[in-house]
Each structure stands twice: as C-alpha cells, then as structure tokens.
Amino acid sequence: NYQNYGKAGEFKCRLQGLLGDGIFNSDGQQWFAHRKTSAHLFKLSAFKTTVLNIFNHDLGIVLGVLQEHAQKKSTFDLQALMHKFTLDSVAQIAFGVELGCITHERVEFADDFDFCTASIRLYRLNKFAYGIIRDRRAVLEKESRAGTVSTRNDLLSLYLDKTNFESDAYMEPTDSNMRDVILNTLIAGRDTTAQALSWTFFELCTHPEVQSKVRAEVQQALAATAADGDRFDYNMLQQCKYTEAVCNEALRLHPSVPKEAKVVVRDEVLPDGTQCRSGDVLSFSPWAMGRDKDLWGENALEFYP
C-alpha cells in the first residue's frame, strides 16, 4: 500500500535540492514509476550479463590496489576504497560512464558528492549530471539519424526510451527528471553497498575462522563451475551459500539503512490492529530489530553466520 505512506515533510523539503523528485524523495505514483522502470535493470538476465560484467571488471582493479598495498605492507582506508569501487560500478550500471575513481587518490565528483549535503557544491553535481544527459541525447540522436539501434542497457538509456515505460508508470524523460534519476541512483547504489562491504570485511577480519570458511567455499565453487579464471559468474555465486549467509549476517548487525520513517496519508489499521491516523509518523529501526534478542536469541549481538 505504497500510496498511503509517504516521506516526512521536512525530509522532502530539506533534500529537494539534491534529490529533486527522484525515487528517494518521491511518493505515490511518481515513486511507483521510478520503482517499476528501474526494476528492468535488475532482471535476472541483466544481472547475469551487464551487472556481473561490470562488477567483475571493477573488482579486478580493486584486487590490484589491494595487492599493491599488501606488497608494500602499507595501511589504507578500506571503507574509502569500497566507496570508490561502488561509485565506479554504479556509475557504469546507471549511465554507462567510467569515472575511474578506484585508481585515483582524489576524484572531484566523488568529493562533491560527499560534500553536497551542505549544497555548496550542488551546482557542480548538476553540471556533471546534465553533461551526461546532454552527451547521451546527442549519441542517441546520431544513432537515430543513422538508422542504427542503440545497444546501451544502462539505467539512463532505459529512462530515455519512452517505450520502456509501462502505461501505469509513465514519467516524461525531461532533463530535470533524468538528473534526479542519476543522483538518486548513485546515492542508492554507492553508499549502501559500500557500507555493507566495509562492515562485512570488518567482521571477516575480526573472525578469522569465518574468513577461512568463506575462502574455502569460494575456491571450491570456482573449481566446480565453468567460471573463467577468478571471474564470478551467476552459477558460481549460487554455490556460495555460506558466503551469502555471512553477508546477510553483516547486514543484520550493520544495516546500510539503520532507520526509516513514513508519514501516514489516510487513516488505516495495521495487520496487528494498530490504529494509524493521517499525519502519524511510523518509524522502524532495522539496526534495533537485527539486535533484538526476542527475534534472534541470547547471542543476537554476536556475529554468527
């Protein structure tokens, strides 16, 4: 019942400059249009090809950085590296652009992205986003004049092609709407995934016995499938059940979104009988729920895949 629960007024107002009317800052039918259109990118067929290919490519670069630090026996900020990794990958998935963050010490767009909550550098983020949109429209126009069919399958291309919208979830692909799509997608994919990866590595480093099991399972899965070298394909990942449990356990203790809140639009009664009045704010905390001993037992605070 997504139409009856929306963003809190202050949230939407304060973040309008950055998020615009993107999926993080929209409600009702507008949110539904974003959700349904972006879902095309995460179909199994797309995940098996485009998404995995991008992550495999960028993971190879990350491994090179890690090996360099290992050879030098130097310390480094793993969380910062994970943010660069996910920003590079999500940028390619979302709008087909390689930012090259992983191999550079500083990237202007990444710095602006981190600083933009103060809105001081927001104009530079807008310049970046609108530049991508302008260039993509020029490419599509050139292909159209030449009579060729675009083979791009990133999220921006999905939005720019009106045929990808379903009748009950249409959104005019204006420059303003596409700008909102770009920035919201970067926020959705970069920060959440980077936090999840960072906390997972933290738990692996503090639980060497778990780390050994994960390594053994991945090596066994690579040997048992037709995976190309160290590249992870879908069939190989399906064999890594313990590794999946490790990732889920890290998310239980360290959820990327630790709390959430919605405003009730119309009076409603929840399944458990709770009365909700229009204007009420419903909030919940995945962080607290993941540590609730009533749900997880007395060892709820332990990392136990």
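These numbers were taken from a predicted model, which means no experiment stands behind them.

S.K.: Lay out the packing of helix α9 (residues 175-206) against helix α12 (residues 241-253) in plain terms, naming residues and giving numbers.
M.R.: Viewed as axis vectors pointing N to C, α9 and α12 meet at an angle of 105°, and their least axial separation amounts to 9 Å. With respect to each other, α9 and α12 are oriented roughly perpendicular. Of α12, the residues touching α9 (which contributes Ala 196, Thr 200, Glu 203 and Leu 204) are Val 246, Cys 247, Ala 250, Leu 251 and Leu 253. Considered class by class, the residues forming the contact of α9 with α12 number 7 nonpolar, 1 polar and 1 charged.

S.K.: Please provide a residue-by-residue account of the packing of aromatic side chains, values included.
M.R.: Evaluation of the coordinates by the stated rule reveals 3 aromatic pairs. Here the aromatic rings of Phe 95 and Phe 128 are separated by 6.2 Å at their centres, their planes lie at 75°, and the arrangement is edge-to-face. Of this pair, Phe 95 sits in helix α5 (residues 78-95) while Phe 128 sits in helix α7 (residues 122-146), and the two are 33 residues apart along the sequence. Overall, the relative accessible area of 0% leaves Phe 95 in the buried class. Relative to Phe 202, the ring of Trp 199 has its centre 5.4 Å away and its plane inclined at 85°; by these criteria the two rings are edge-to-face. Of this pair, Trp 199 and Phe 202 both sit in helix α9, 3 residues apart, roughly one helical turn. The class for Trp 199 is partly exposed, based on a relative accessible area of 34%.

S.K.: Please set out the pairing of strand β2 (residues 260-264) residue by residue, giving values where relevant.
M.R.: Pairing of strand β1 (residues 5-6) with β2, which is carried by 2 bridges, proceeds in the antiparallel orientation. Residue pairing in the sheet places Tyr 5 in a bridge with Val 264 of β2. Summarising the sheet, β2 and strand β5 (residues 281-284) pair through 4 bridges and their orientation is antiparallel. What sits directly across from Lys 262, in β5, is Leu 282.

S.K.: Could you give me a rundown of the side chain of Glu 203, with the residues and numbers involved?
M.R.: Of note, Glu 203 is situated in helix α9. Arg 291 provides the closest opposite charge to the buried, unpaired Glu 203, separated from it by 6.6 Å. Setting aside residues no more than four positions away along its own chain, Glu 203 makes contact with Leu 253, His 254 and Phe 303.

S.K.: Any chance you could break down the sheet that holds β2 for me, citing the residues and the numbers?
M.R.: Read across the sheet, 3 strands follow the order β1-β2-β5 without closing on themselves; strand pairing throughout is antiparallel. The two strands at the open ends of the sheet, each matched to only one other strand, are β1 and β5.

S.K.: Lay out the nonpolar core with the relevant residues and their values.
M.R.: Grouped burial of nonpolar side chains is what soluble globular proteins tend to show. Ranked by internal contacts, the top residues of the largest apolar core, which has 22 residues, are Phe 95, Leu 156, Tyr 159, Met 178, Ile 182 and Leu 186. Of all elements in the fold, only α5, α7, α8 (155-160) and α9 reach the threshold of two or more residues within this core. Every residue in contact with Met 178, bar those within four places of it in the chain, is listed here: Ile 133, Arg 137, Leu 156, Tyr 159, Leu 160 and Pro 173. Counting 12 residues, the second largest nonpolar core, distinct from the first, contains Val 210, Leu 222, Val 246 and Ala 250.

S.K.: Break down the pattern of salt bridges for me, citing the residues and quoting the values.
M.R.: Here the structure, examined in full by the defined rule, presents 9 salt bridges. Among the ionic pairs, Lys 72 bridges to Glu 68, the shortest N-O distance being 3.0 Å. One end of the pair is Lys 72 and the other is Glu 68, both in helix α4 (residues 44-72) and 4 residues apart, which spans about a single turn. The exposure class of Glu 68 is partly exposed, given its relative accessible area of 42%. Here Asp 180 and Arg 179 are joined by a salt bridge, their closest N and O atoms 2.8 Å apart. For the pair shown, Asp 180 and Arg 179 are each scored as buried.

S.K.: An account of the side chain of Glu 217 is requested, with residue identities and associated values reported.
M.R.: Within the secondary structure, Glu 217 sits in helix α10 (residues 208-224). For the buried Glu 217, which has no salt bridge, the nearest side chain bearing the opposite charge is Lys 241, at an N-O separation of 8.7 Å. Residue contacts for Glu 217: discarding those within four places in its chain leaves Gln 239, Cys 240, Lys 241, Tyr 242 and Thr 243.

S.K.: So what's going on with unusual backbone geometry? Residues and values would help.
M.R.: The backbone phi angle of Lys 73 is positive, close to 55°, even though this residue is not glycine. Among the structural elements, Lys 73 can be located in the loop between α4 and α5.

S.K.: Requested: an account of α12, with residues and values cited.
M.R.: Residue pairs spaced three or four apart in an α-helix point in one direction, given the helix's 3.6 residues per turn. Between the first and last C-alpha of α12 there are 19 Å, a value that for 13 residues agrees with the 18 Å anticipated at 1.5 Å per step. For α12, the complete set of buried residues consists of Thr 243, Val 246, Glu 249, Ala 250, Arg 252 and Leu 253. As for α12, its buried residues are in contact with α9, α10, α13 (286-289) and α14 (293-296).

S.K.: Before we move on, could you go through the packing of α10 against α12 and cite the residues and values that matter?
M.R.: Interhelical geometry of α10 versus α12 gives an angle of 140° and a closest axis separation of 8 Å. In terms of axis orientation, α10 runs oblique to α12. Seen along the crossing, α10 lies across α12 with a hand that is left-handed. Only Lys 241, Tyr 242, Thr 243 and Val 246 of α12 make contact with α10, whose side of the interface consists of Val 210, Lys 213, Val 214, Glu 217 and Val 218.

Procedures and definitions
- Residues numbered from 1 in each chain as written.
- Predicted model: local features only at pLDDT ≥ 70, side-chain atom pairs only at ≥ 80, totals over all residues.
- Heavy atoms only, no water.
- Axes fitted to C-alpha atoms, helices over the stretch in contact; angles between N-to-C directions.
- Helix = DSSP H or I, 4+ residues; strand = E, 2+ residues; numbered from the N terminus.
- Parallel < 35°, antiparallel > 145°, perpendicular 65-115°, else oblique.
- Contact = heavy atoms within 4.5 Å.
- Nonpolar A, V, L, I, M, F, W, Y, C, P; charged D, E, K, R; others polar.
- Phe/Tyr/Trp six-rings, centres within 6.5 Å; stacked < 30°, edge-to-face > 60°.
- Buried < 20%, exposed > 50% of the residue type's maximum accessible area, 1.4 Å probe, protein only.
- Pairing = 2+ DSSP bridges.
- Lys, Arg positive; Asp, Glu negative; His and termini not counted.
- Salt bridge = Lys/Arg side-chain N within 4 Å of Asp/Glu carboxyl O.
- Core = buried A, V, L, I, M, F, W, Y, C linked by side-chain atoms within 4.5 Å.
- Expected span 1.5 Å × (residues − 1).
- Left-handed = near helix turned anticlockwise from the far one by under 90°.

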